[in-house]
Amino acid sequence: MKRKAVCPGSFDPITLGHLDIITRGAKNFDELHVVVLNNSSKKPAFSVEERMELIRQVTKGIPNIKVDSYQGLLVDYAREIEANVIIRGLRAVSDFEYEMQITSMNRVLHNELETFFIMTNNQYSFLSSSIVKEVARYGGDISELVPKEVEQALKEKYLVTKREN
């Protein structure tokens, strides 16, 4: 039986911090499903399809990665693909409280679903997609925060946005 895990997120956009967690998680499972979830409380810069394509580009060298999207509860997705582990990255202690609530609810909904937390590399502990987008929007250097493909996509996205305004 394959050991399958799910690494969920909005990935808007995928950062080097996300990639760190994905790469390390993939080393421990036969299949790692990186799943783009739509967070209704956020206004995304990239469509779900664009985010999935960026993830595919930056993980193409990792053979056991599958990229997908899902509308609905993560526990339902995990059931559908027969995964029993969720991988979540933790940047700081402040992430833990929120993640503990989500993990507890997931256990209520699917009691055989485990959550594995991976501490992000210290160099990415401050990093979030929101910060990256803010810096990119104003033309700041994001080359040490995101893969090259994402840097280019953000430059194109915000160049187009500036022209439209």
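Scroll up a little and you will see the structure.
Just so you know, the residues in each chain are numbered from 1, in the order the chain's sequence is written. In keeping with the model being predicted, local features are shown solely for residues with a pLDDT of at least 70 and side-chain atom pairs are shown and tallied solely at 80 or more, while totals for entire chains, interfaces and linings include all residues. Derived side-chain values reflect all non-hydrogen atoms in the structure, with water molecules and hydrogen atoms excluded from consideration.

Some remarks on the nonpolar core
- With 36 residues, the main nonpolar core has Phe11, Ile22, Leu32, Ile65, Ile87 and Leu154 as its most contacted residues.
- For the purposes of this entry, the term helix denotes a DSSP run of H or I that reaches at least four residues, the term strand denotes a run of E that reaches at least two, and both are numbered from the N terminus. Of all the elements in the fold, those that place two or more residues in this core are β1 (4-9), α1 (16-26), β2 (31-37), α2 (48-58), β3 (65-70), β4 (85-90), α5 (129-137) and α6 (148-164).
- Any two residues whose heavy atoms approach within 4.5 Å are treated as being in contact. When neighbours within four sequence positions are excluded, Leu154 is seen to be in contact with Pro13, Phe46, Val132, Lys133, Ala136 and Ile142.
- We define the nonpolar core as a collection of buried residues of types Ala, Val, Leu, Ile, Met, Phe, Trp, Tyr and Cys that are connected through side-chain atoms lying within 4.5 Å of one another. The classification of residues rests on relative accessible area computed with a 1.4 Å probe and restricted to protein chains. Under 20% of the type maximum is buried, over 50% is exposed, and intermediate values are partly exposed. Counting 12 residues, the second-largest nonpolar core is a separate cluster that includes Leu74, Tyr77, Ile81 and Leu113.

Some words on the layout of surface pockets
- Each pocket or cavity is described by its volume, and for the largest pocket that value is around 1,200 Å³.
- Grid points spaced at 1 Å over the protein atoms alone were grouped into cavities, where a 1.4 Å probe fits but cannot get out, and pockets, open sets with protein on both sides within 12 Å along at least five of seven lines, with lining residues defined by an atom within 4 Å of a point. Taken together, 44 residues form the lining of the largest pocket, with Pro8, Gly9, Ser10, Arg88 and Glu99 sitting closest to its centre.
- Here the lining of the largest pocket gets 7 residues from one element, more than from any other, and that element is helix α4 (residues 93-109). Grid points are joined across faces, edges and corners, and a volume is the space filled by probe spheres set on the points.

Looking at the sheet that holds β4
- By the convention used here, strands pair only if DSSP detects at least 2 bridges between them. Spatially, 5 strands are ordered β3-β2-β1-β4-β5 in an open sheet, and the strand pairing comes out parallel. Every other strand in the sheet has two partners, leaving β3 and β5 (114-119) as the edge strands with one partner each. Mean inter-strand twist for the sheet, computed between neighbouring axes without regard to direction, equals 30°.
- Fitted lines through C-alpha atoms serve as axes, helices being fitted only where they are in contact, and the angles separating the N-to-C directions of these axes extend from 0 to 180 degrees. The strands touched by helix α3 (residues 74-81) within the sheet are β1, β2, β3 and β4, with β1 carrying the most contacts at an inclination of about 150°.

Section: the packing of aromatic side chains
- Each aromatic pair joins two rings of Phe, Tyr and Trp (for Trp, the six-membered one) with centres within 6.5 Å, and gets the label stacked for planes under 30 degrees apart, edge-to-face for over 60, and tilted for any other angle. Evaluation of the coordinates by the stated rule reveals 3 aromatic pairs.
- When the centroid spacing of 5.9 Å and the interplanar angle of 50° are considered together, the rings of Phe29 and Phe116 count as tilted. Here Phe116 lies in strand β5 and Phe29 lies in the loop between α1 and β2, a separation of 87 residues in the sequence.

Describing the side chain of Glu99
- As for its position among the elements, Glu99 is in helix α4.
- Taking relative accessible area as the criterion, Glu99 reaches 5% and is therefore assigned buried.
- Pairing of N or O atoms within 3.5 Å defines a polar contact, subject to two protein rules: one partner must be a possible hydrogen donor and the other a possible acceptor, and residues neighboring in sequence count only if both atoms are side-chain atoms. A distance of 2.7 Å separates a polar atom in the side chain of Glu99 from a polar atom in the side chain of Arg88.
- Not counting residues up to four positions away in its chain, the partners in contact with Glu99 are Arg88, Leu90 and Phe117.

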